[in-house]
Every structure is written in structure tokens, then in C-alpha cells.
Amino acid sequence: MSIAPLLNKVFMVDLIKGLKVTFKYQHPKEVYTEQYPLERPAIAERYRGLPRLNVNPETGETLCIACNLCATACPEHLIVVQSERNPATKRKEMTSFTLDISRCMFCGLCAEACSTDCLELSQDYEFALYSRDGFIIDRARMERGSEPTVYTR
Amino acid sequence: MTDSTKSGFYQETAGPDQTFLDANELVLNMGPQHPSTHGVLRVILRLDGEKVLGTECVIGYLHRGVEKIAENRTYTMFNPYVDRMDYVAAVSNGLGYCLAVEKLLNIEAPPRAAYIRVVLTELNRMASHQLWLGTHALDIGAMTPLFYTFRDREEILKIYEKYCGARLTTHAFRIGGTLYETYDGFEQDVNNFVKFVTPKIGEYEELLTTNRIWVERTKGVGVLSGKDCIDFGVTGPVLRAGGVKWDLRKAQPYSMYDKFDFEIPTGENGDTFDRYIVRIAEMRQSLRIIDQAVNSIPAGPIMAKVPKVMKPAVGEVYVSIEAPKGELGYFVVSDGSTQPYRVRVRPPSFVNLQALDKMVRGALVADVVAVIGTLDIVLGEVDR
Amino acid sequence: MLDYVTSYLHSSLTPGQAGNWLWALVYILVIFAGVSGIVIVMNWGERKALAHMQVRLGPMRVGPHGLMQPIADAIKLLTKEDIMPSEADKPIFWLAPVWVVMIAFSVFIVVPFGPTHAVTDMNIGILFMLGVSSLGVLGIVMAGWASNSHFPLMGALRSSAQMVSYEIAMGLAVVSAIVMTGLGGIGPYGIGSGAGSGTLSMIGIVQAQAQQHVWFIFKFFPVGLVAFFIFAVAMIAETNRAPFDLPEAESELVAGFHTEYSGLRWSLFMLGEYAGMVAVSSIAITLWLGGWLRPFPSTHGPAINIPFLWEHPEQGVVDFAFSFAPALVMLALAFFSFFNAMRMPKHPLLKIQTIGLYAFGLVLAGVGLILLAPPVRDRIQDIFWFVFKIACFMYLYIWYRATWPRYRFDQLMKVGWKVLLPLGLGVLLVTGIIGLGPEIAAWLKGVV
Ligand code: SF4
Ligand code: SF4
């Protein structure tokens, strides 16, 4: 064994090198933790979160034309769209829209399939619930969209 | 214990004349709930003191029947499911599946899409190796690398989130290309990441590579020579650590990998230390590829002409790619309908896990943990 | 009765030596409370320091910067359901944690926090400490056996093998230090400077260092250092801490010998572990790092006399400067918490926490001010330096844990038997040869 590795071994250079790294990272500036409810993560624009049904911002009417494309596209068959033909306008009108988000994998296939940009995956990621019942969300909830949790004491 | 008795484990190894209460042997159930079997793997160990006399893996705790699900989904619909197999390297899984179906449909992703795919899959290789390094180090008792690697992996996940909207199970690619155009500042982000992470890899090495405890724990542990690897069908870094220069990215280039300049790092002894060195070197090579790819993404469409309803002609294809863990193959059979007749996945983790028994026989309990770590298995992929 | 109580106040003996049972009891209670306090602080400190080394924050929610976390944890552990495996050997299962804690605290009887600040001073103090502290392994073996489960059993087996092999190297290092107490030898102050008489008493060992004007870690350099190194390694192995934490190796044996324990019993194991860490650190401090002595204990500087503030004619300006150390450390900590309170994010939810941190800073500052008062200041010196050295050791423990991987069982044995044991023997031999250097030289002359 040549002299340099031997000295390295005796003076434990290898172990001290590691100690140096951990020591350096103690600086408070290096802390990477986000304190979640206080600091919220910046959500990307394309984030695929809770599905949302868009409404026409002026009239408040839904954009959905009840074409059922989203329901066919969903690999998990989570979407149920019910519609009724309006006798006055001769158009199909959506009467109810439910989505089981407990099994949704936020793949975005439904939003891709939607012909009117009505169904969209929003940036909402806070939809934990205390029971399973709430996971089947209806039209009203989906139109309201994001409801970030407010933490109080 | 019923399943293990049924499988002939006791009969084969303990002999019929030995009673159940053999004082010389200790049967230890590691898992399915154990801190370092990387998920729900159950390993039944027969021990003599600390020495391992034999092992048996019991898998299937995470079986979800992904291959069967495929038979009831259209080709497009099945795409998000493949992310759930090797969830650590979801993008690679997606790439493999998309390539397979593209071959079945006889189309090819446009160059721009291919370049984006390369950038994302190589980022994914980084992420997967980082996660492997952190958990492997944790298995061997070094807690801190885990947090450093997770911190650095987070940057990759942020790029994914910005690119396609999901962090882990990305569903980033579509059959025929990619759905998402690069966002503004994508190149910038990736270049920044490369600059940011290069010194960090040096830091991981400072913590581990020369550390005498790390070297002692890994050198000569779980040796699997190149020949053994080939016999077992083991692929990926484990094979390369055995000295076999085999990388599908070079051997049968896909997705324009032949355009990039990179090396295949190999080891010599095929022990745990070599596998560590190979993976660290692979991270550096990945950075090289990312650097080349992201700065030369060509302009053009990102989606090939794909029929809205996919009905591939009757036939079958097998396409395999070099996933972070080894050869990931998709065998897709079409019966001409919109749904695949059969999808069979060749998961690298499942095949690599076979070698566990050979690697740990005669070693100590602590080595079992180290070897499970070094095989880099993901139970989602083993069980599917 | 009152005489009996007050008579001790003017003695310069430990209560045990003075035969004063009342003060002995007081000391025992104070030490029990003090060590428990150190354990609580250590609990918080370990989580925080470890977290920061790992770019995390650690506990932040219970109290400002998680200061109340140990208390919350204690309450949680106390109120948890007490689970005993139905197949367990009940009496032994019950006894094991109690045993561990009992042993861990018993050794503190002879730990000298100052010339008189020990429960008693046995003439075989160091022997008592080594003997009793190695009984702790019995608790671990009992826990492993009684759990009637494989992981604990293996943890216990590992533990007993580990203790046996490290005890020997540890003993050799300790003997080398004890030999040093009786040797003037060629210290840094020349041959035969301040020769002491050999002693096994913990207080005697520190006093020998004071008389010889050298901490034993620097004596016969580098012999003392090597002996200290052997002890430092063996000490980590003795207390089952990383990188030698094989008996509990969480990635292999789940939690080792205490896998089946939960709630209060588990917390007793933790208490025992931390108390054991403090105990072995105090052996190291006593033997090599000058116990309660401050750094440079024999440099006094020119004598000064300031009325009321400094009235020790035999001591000098250096002593005067060092006497402010305890107060300054407290004030620095107070400043640190004020600084952090100021940097707290301004958020209505964090208002209480910010106020709490200010209050904590105030308390620390108050303690610092009290420590400035001359009577308190002079009494507290010895204890302060001892505790300060313990704190350094605790930090090192955390630092090692954060950085290094864990040894494997056979490698651990290899380090113990093939490295530390021969090294210990060598150190002992070299100590003797150097110490008896003049005699050996004279004898050689006679022969030739
Ligand atoms: S995101 Fe995917 S799984 Fe969820 S509803 Fe839409 S299509 Fe179905
Ligand atoms: S695809 Fe869009 S428009 Fe059609 S039913 Fe679904 S949400 Fe409505």
C-alpha cells in the first residue's frame, strides 16, 4: 500500500469528508422544507388536479353540451352525464354530471376528449375528505371549482 | 406460512427427517411490512445465526392485474396505467408502451417529440437513480443521502409538473408523440437543473464512495458475475456492473438515441459497490444526454398523424427499452379491434429479483437488505 | 437535625464520603432531574440538529421551533396503550426496560460534576462505572428474549456479542488512563512533572490531571489521544449508536431488541439509551478531557483583586475571564432565540409561537444574568464545564449518526477484535514504557 492511501486511512480522511458535507448543510439557508399550510407550493399552470366544469363567464351557463365524450374517454368509467332534450331549442342539455374522484387518476383523458373545453383539470389539489361519500362529486361542486382549505385555530 | 410450506421450501432445504422445531435454524419473515424491502416484498429467510442459508421471495402483495386491465381498455385508455407499474420511472414506462403501440400502428413519432421524450426519460433515469441511491444508502444505514437525493429529485418533478401537470405518474407521452408542447422556459429549466445537480452528485460521492464503512458494506457483497446475469436474464445496471457492455440505447437505438453521444459505464466484479459506481456514472451520462438533447430540440410537429380510433392490424410486436432498472419490454398483441388482445410486460425488477437468492446465500442478514437495495426493485413493477 | 443538615455545607467532601445521607439524597435527586433534563434537551437537539444536517426543519409545530416537542412526545408515550405480546415472557418483558433505566442512572452515583459535586467518591469509582454500565446489556438481552419474536432476539444476540467485544478494548484504554494517573513520566512539562499517585477514584483521576497540568488526552502525545480514540469508538458501540447501532438497526431488524415495545416501556428504553450516552461520555470526559476542569486549567495569569467581583487572591486574570463563560453561553443562547424570534414569519397563526420564543429567550437571558452573580458564578464553574463537554459529545453522536452508514455485524467484530484490541494493548504497553522510561534507562545502564 502506498503512503497516501495509508495516511488517508489512518487519519480517517474518508470519514471526515462525509462529516464536512453534513456539517455544511446545517446552515438554515439550506433548509428545503416548505411549511405547508403557511407556505403553499407554487402550482404549475398545467397541473392536473380536481376536474372542473367551466361555465360561460358572462351568462353563468354551463359550456357542457352533454356529448358524453368525456364519459367514453375515461379509462375508469367514472363520469356519468345525464341529459335531456330541451323541446324549445331542440338541444341536449346536461341535467346531472357526477364524477367519482376517489378512483380518478387525473390522467387528463377526459379533458382531452371534451369537445367544448368545458371539462378541465384544475389546479386544485386539496380535496382530502373524512369519508368516502364525499368523493362522488356533482355538477355544483365541479362548477364551483377550487375550494382551498382555510386553516384556523 | 401456508404458502411457503406448499411451495416445497421446507422439504427441499430442511429435509423430511427434520422437525419443525429445529434449533439450528431460524426462519425469519422479512416483510411484507419491513422498513427496507422497498414495498411489500416478503422474503422468507432461513438463518443459521446471522448467516443466510436460503431465501424465498413471496410476491404479489401489490398485484393489480395491469396486464388484464389492458385487455378491457382501448390503446389510448391503457396509457396512464403503465405509469403505475414502475412508478419511480413512470415516464420510461410510458415511452416503452407508446413505442410498442406506435410500432403496431406503423407510425413514428416526429423528431421533435422524440427529442422531448429523450429529455424526459433521461431526467426520469436521474430521478430513479437518485431515489435508488437514497433508499439504498438508508438501507445500509446512512440516513442523510436520502434527503439530499430527494431534494434534488424534487427539481426533476417540478419540471415534470410544469411540462405535463403531474409529478409522479406523469402520463406525459401519447401514442404518436407527445400531447404537450414544451412550456416557456423548459430549456432554461432543464439546463439549470443540469448545472444544479452536477456538483450534487459529487456530494453524494463524498458522503459514500470513499467512506470505509460504505466500501466495506458493499465491496464483495451480493456478487453476480456477468455470466450469471445473462443466465438469470438480469439486465440494466446490474448486468453492466458485471462487466457486460449491454445497453439497449446503444444496442438497438430507439427514439433517436443514436443521435447522442454517451458512454456505457461498466463495472468489473459485479458486486454491490460496482453497481453503485455504475449507477452514479449513469447519472453523469444521463446529464450528458440531457444536455445534448435539450439544446438541439428540432422544430416541427409533436404528434404524428394518428387515427382518432386506433385499430391496429392483426399482429404482435415486442418493443423493449432501456428503463432505469433494465430492459423494459412490452409485448402487444392486436386482434384488429380497438382493444389489445393481450399485453405482456417484461418488467426488469421482476426478472432481476430472481437473482436475490443466488446473491445472498451464505451472506449475512445485513447483506440481504443491501442486496435488495442494490437490485433496485419497485414492487409495483414486480407484481404489476 | 439542623446541625446535621448544615454541617455538610462547609465540608469539602462528597456527601457519600462525609456520610451525610440527607445531602446524598438531595444530590441523587438533583442528578436524576439533571440527567433527565439533559435527555429531554438531547431529544429535541438531536431531532433539530439531525434535521438541519438533512436539509429539513425538524419539529416546528409544538411550541416555537418545536421546543415543546419532547413534552408532547412524553405525554403521547405515557398515554399510549400498553401492549404486551401475548406470547411474551411477562415478568422479564416488564423488567427489561426498568433494568435498563436503573442501570443507566446508577452509574451517575460516582460521576464527578465537580470536586464535591458527586453523590459519592468511591476509591474504585471507575471500576464501578465500567462494571455497572456493562450490566445494561442484560436489560437488552432480557428484552430480546422476553419478546418471543425473531427480530428482537437477533438484536439481543448482536448486542451481547458487541458489548463483550468492545468492553475489552474499552477496558484497556481505561487502564492506560489509570496508569497515567500514577506516572509523572515525560509530560509536556518535562520528566516527572507533578507525579501523581495512581488512583481509581473518579475525582482522584481529575485531580491527577490537575496536578500533572495536563489533560490525559494530551499526555505522552499521541498515546493519550490514541487511548481516547479507542475509548471514543468503543463508547459509541457500547451505547448502540450509529454507526454501530446494530442491535436496533432499523433497516434490518425493524427496531431490534425493542421491536415489540411501545408506549411507556419503549420510552424507558430511550431514556436508558440517552442516559447511557451521557454516562459513557462522562467517563471519557473524566478520564481524558479533564473532567470539570476548564481549558488551560493551570494557566492563571497575573493575579488581580477586584472587590466583590473577584476575591480569589490565588487565582489570576485568566480565571477571571473564564468565570464569565457560563453566563456568556447562556446570553448567547438567549440572543440566538431573540434573533430567531425576530426572524419568525409575521403571520397571525405564528403570533403565539413568536411570543413564546421571546419568552424563552428572556428566561435564558435571566439565567445568564443570575450566573453573572459572583456567588453563583463560582459555584457553577465546574458543573458548567462538565456539562459543556457532555454537550459536545452529544453533538458528535448526532453528527456521526447523520453521516455514516452502519457497519455489518462481522465488520463490527473485526474492528473490535482486530483493530481496537491490539491498539489498546499497544497503547497500554507504550504508556508503561514511557512512564517507566527513567527506570528502564537506569536498569539498561546497569546491565550494560
Ligand atoms: S382524469 Fe382520467 S380518470 Fe379522472 S375522470 Fe378524467 S379520464 Fe377519468
Ligand atoms: S365531453 Fe365536455 S361537453 Fe361533452 S359531456 Fe363531457 S364535459 Fe360535457
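No experiment lies behind these values; they were computed from the predicted model shown. (Residues numbered from 1 in each chain as written. Chains lettered and ligands numbered in written order. Predicted model: local features only at pLDDT ≥ 70, side-chain atom pairs only at ≥ 80, totals over all residues. Heavy atoms only, no water.)

Enquirer: What is the right way to read the sheet that holds strand β3 (residues 92–100) of chain A from this model?
Expert: Two modes of strand pairing occur in sheets, parallel and antiparallel, and in both the strands are linked by backbone hydrogen bonds. All names here are of chain A. Spatially, the 3 strands line up as an open sheet ordered β2-β3-β5, and their pairing is antiparallel. The sheet is open, and its two edges are formed by β2 (79–85) and β5 (136–137), each paired on a single side. With 2 bridges joining them, β3 and β5 adopt antiparallel strand pairing. Bridge pairing in β5 links aspartate 100 to isoleucine 136. (Pairing = 2+ DSSP bridges. Helix = DSSP H or I, 4+ residues; strand = E, 2+ residues; numbered from the N terminus.)

Enquirer: Help me understand the sheet that holds strand β6 (residues 315–323) of chain B, please; the structure alone is not making it clear to me.
Expert: Residues and elements named next belong to chain B. Strand order in the open sheet formed by 3 strands is β6-β7-β8, with antiparallel pairing between adjacent strands. Both edges of this open sheet fall to β6 and β8 (340–346), since each of them pairs with a single strand only. Neighbouring strand axes in the sheet, compared pairwise and without regard to direction, differ in orientation by 15° on average. Direction of pairing for β6 relative to strand β7 (residues 326–334): antiparallel, over a ladder of 9 bridges. Counterpart to serine 320 in the pairing with β7 is glycine 329. Helix-sheet contacts for helix α4 (residues 75–82) involve β7 and β8, and the interaxial angle to β7 is about 155°. (Axes fitted to C-alpha atoms, helices over the stretch in contact; angles between N-to-C directions. Contact = heavy atoms within 4.5 Å.)

Enquirer: Could you clarify how one ought to interpret a nonpolar patch on the surface in this entry?
Expert: Residue and element names in this part refer to chain C. Residues Leu429, Val430, Ile433, Leu436, Ile440, Trp443, Leu444, Val447 and Val448 make up a contiguous nonpolar surface patch of roughly 920 Å² in combined accessible area. Only α16 (409–435) and α17 (437–447) provide two or more residues apiece to the nonpolar patch. Relative to the assigned elements, isoleucine 433 resides in helix α16. (Patch = residues over 30% accessible without salt bridge, like charges linked within 9 Å, V, L, I, M, F, W, Y side chains within 5 Å. Areas by Shrake-Rupley, 256 points an atom, 1.4 Å probe, with all protein chains shown as cover. Salt bridge = Lys/Arg side-chain N within 4 Å of Asp/Glu carboxyl O.)

Enquirer: Help me understand the interface of chain A and chain B in this model?
Expert: Accessible area lost on assembly of the parts is the figure often given for the size of an interface. Contact residues are listed per partner, giving 28 residues for chain A and 35 residues for chain B. Across the chain A to chain B interface the summed buried area is about 2,600 Å²; carbon plus sulfur atoms make up 52%. In this assembly, chain A and chain B are joined by 3 salt bridges. Ionic pairing is found between glutamate 76 of chain A and arginine 73 of chain B, a salt bridge with its closest N-O pair at 4.0 Å. Run the count over chain A and chain B and you get 18 residue pairs in polar contact (both at pLDDT 80 or more). (Buried area = accessible area lost by both parts, 1.4 Å probe. Polar contact = N/O pair within 3.5 Å; in protein donor to acceptor, adjacent residues only side chain to side chain.)

Enquirer: When you look at the site of ligand 1 in this model, what are you seeing that I'm missing?
Expert: In the vicinity of ligand 1, the contacting residues are Cys74, Pro75, Leu78, Ile79, Leu99, Cys104, Met105, Phe106, Cys107, Gly108 and Cys110 of chain A. Class assignment of the residues belonging to the shell around ligand 1 gives a composition of 10 nonpolar, 1 polar and no charged. (Near = heavy atom within 4 Å. Nonpolar A, V, L, I, M, F, W, Y, C, P; charged D, E, K, R; others polar.)

Enquirer: How should I be thinking about the site of ligand 2 in this particular structure?
Expert: All residues adjacent to ligand 2 are Cys64, Ile65, Ala66, Cys67, Asn68, Leu69, Cys70, Phe97, Cys114, Thr116 and Leu119 of chain A. Partitioned by chemical class, the residues of the shell around ligand 2 number 9 nonpolar, 2 polar and no charged.

Enquirer: What's the story with the side chain of serine 320 of chain B in this structure? I'm lost.
Expert: All names here are of chain B. Within the secondary structure, serine 320 sits in strand β6. Of the polar contacts made by the side chain of serine 320, one reaches the side chain of glutamate 327; its length is 3.3 Å. Beyond its immediate stretch of four places on either side in the chain, serine 320 contacts Leu248, Gln252, Tyr254, Glu327, Leu328 and Gly329.

Enquirer: Would you mind going over the interface of chain C and chain B with me for this structure?
Expert: Between chain C and chain B, the contact holds 27 residues from the first and 35 residues from the second. For the pair chain C and chain B, the number of links is 3 salt bridges. A salt bridge links lysine 414 of chain C to glutamate 216 of chain B; its shortest N-O distance comes to 3.8 Å. Inspection of the region where chain C meets chain B yields 9 residue pairs in polar contact (both at pLDDT 80 or more). Of the residues contributing to the side of chain C that touches chain B, the split by class is 13 nonpolar, 5 polar and 9 charged.

Enquirer: Whenever I open this one, the packing of helix α8 (residues 186–208) of chain B against helix α13 (residues 272–294) of chain B confuses me. Can you help?
Expert: For any two helices packed against each other, the geometry comes down to the angle between their axes and how far apart the axes lie. Residues and elements named next belong to chain B. α13 packs onto α8 with a crossing angle of 165° between their chain directions and a minimal axis gap of 10 Å. As summarised for this structure, α8 and α13 are arranged roughly antiparallel, according to the angle between their axes. Crossing geometry of α8 relative to α13 is assigned as left-handed. (Parallel < 35°, antiparallel > 145°, perpendicular 65-115°, else oblique. Left-handed = near helix turned anticlockwise from the far one by under 90°.)

Enquirer: Mind showing me how you'd approach the pairing of β3 of chain A here?
Expert: Side-chain positions along a regular strand alternate between the two faces of the sheet. Residue and element names in this part refer to chain A. Judged from the 7 bridges that link them, β2 and β3 form a sheet pairing that is antiparallel. Residue valine 81 lies in a different strand from β3, and its bridge partner there is phenylalanine 97. Linking two consecutive strands that pair antiparallel, namely β2 and β3, is a turn of 6 residues; a positive phi of about 65° is found at lysine 90 within it.

Enquirer: Help me understand the domain arrangement of chain B, please; the structure alone is not making it clear to me.
Expert: All names here are of chain B. As far as domains go, chain B holds domain 1 (3–58) and domain 2 (66–383). Computed over C-alpha atoms only, the centres of domain 1 and domain 2 are separated by 32 Å. Between domain 1 and domain 2, a total of about 1,500 Å² is buried, with carbon and sulfur atoms accounting for 67% of that surface. The tally of links from domain 1 across to domain 2 stands at 0 salt bridges. Applying the counting rule to domain 1 against domain 2 returns 5 residue pairs in polar contact (both at pLDDT 80 or more). (Domains from an automatic or database assignment.)

Enquirer: Where do I start with the packing of aromatic side chains in this structure?
Expert: When we look at a pair of aromatic rings, we describe it by the centre distance and by the angle of the planes. The full count for this structure, using the stated rule, is 33 aromatic pairs over all chains. Note on phenylalanine 93 of chain C and tyrosine 261 of chain C: the rings are 4.1 Å apart at their centroids and 5° apart in plane angle, and the pair reads as stacked. In this pair, phenylalanine 93 of chain C sits in helix α5 (residues 90–106) while tyrosine 261 of chain C sits in the loop between α10 (223–238) and α11 (263–288), placing the two residues 168 residues apart along the sequence. Residue class for tyrosine 261 of chain C comes out buried when judged on its relative accessible area of 5%. Pairwise contacts between aromatic rings join Tyr115, Tyr254, Tyr257, Phe260 and Phe262 of chain B into one cluster. Lying across the ring of phenylalanine 150 of chain B, arginine 153 of chain B places its NZ or CZ 5.4 Å from the centre. One cation-aromatic arrangement involves lysine 250 of chain B over phenylalanine 262 of chain B; the distance from NZ or CZ to the ring centre is 4.3 Å. (Phe/Tyr/Trp six-rings, centres within 6.5 Å; stacked < 30°, edge-to-face > 60°. Buried < 20%, exposed > 50% of the residue type's maximum accessible area, 1.4 Å probe, protein only. Lys NZ or Arg CZ within 6 Å of the ring centre and 35° of its normal.)

Enquirer: Even after reading the chapter, I still don't get the nonpolar core, so can you show me in this structure?
Expert: Residues Phe108, Tyr166, Phe231 and Trp288 of chain C are the most contacted members of the largest nonpolar core, which totals 89 residues. Considering every element that reaches this core, the biggest residue donor is α11 of chain C, with 12 residues. Excluding anything up to four places from it in sequence, tryptophan 288 of chain C contacts Ala173, Val174, Ala177, Gln209, Trp215, Phe216, Ile217, Gly224, Ala227, Phe228 and Phe231 of chain C. Within the second largest apolar cluster, 84 residues are counted, among which are Met105 of chain A together with Tyr160, Ile201 and Val343 of chain B. (Core = buried A, V, L, I, M, F, W, Y, C linked by side-chain atoms within 4.5 Å.)

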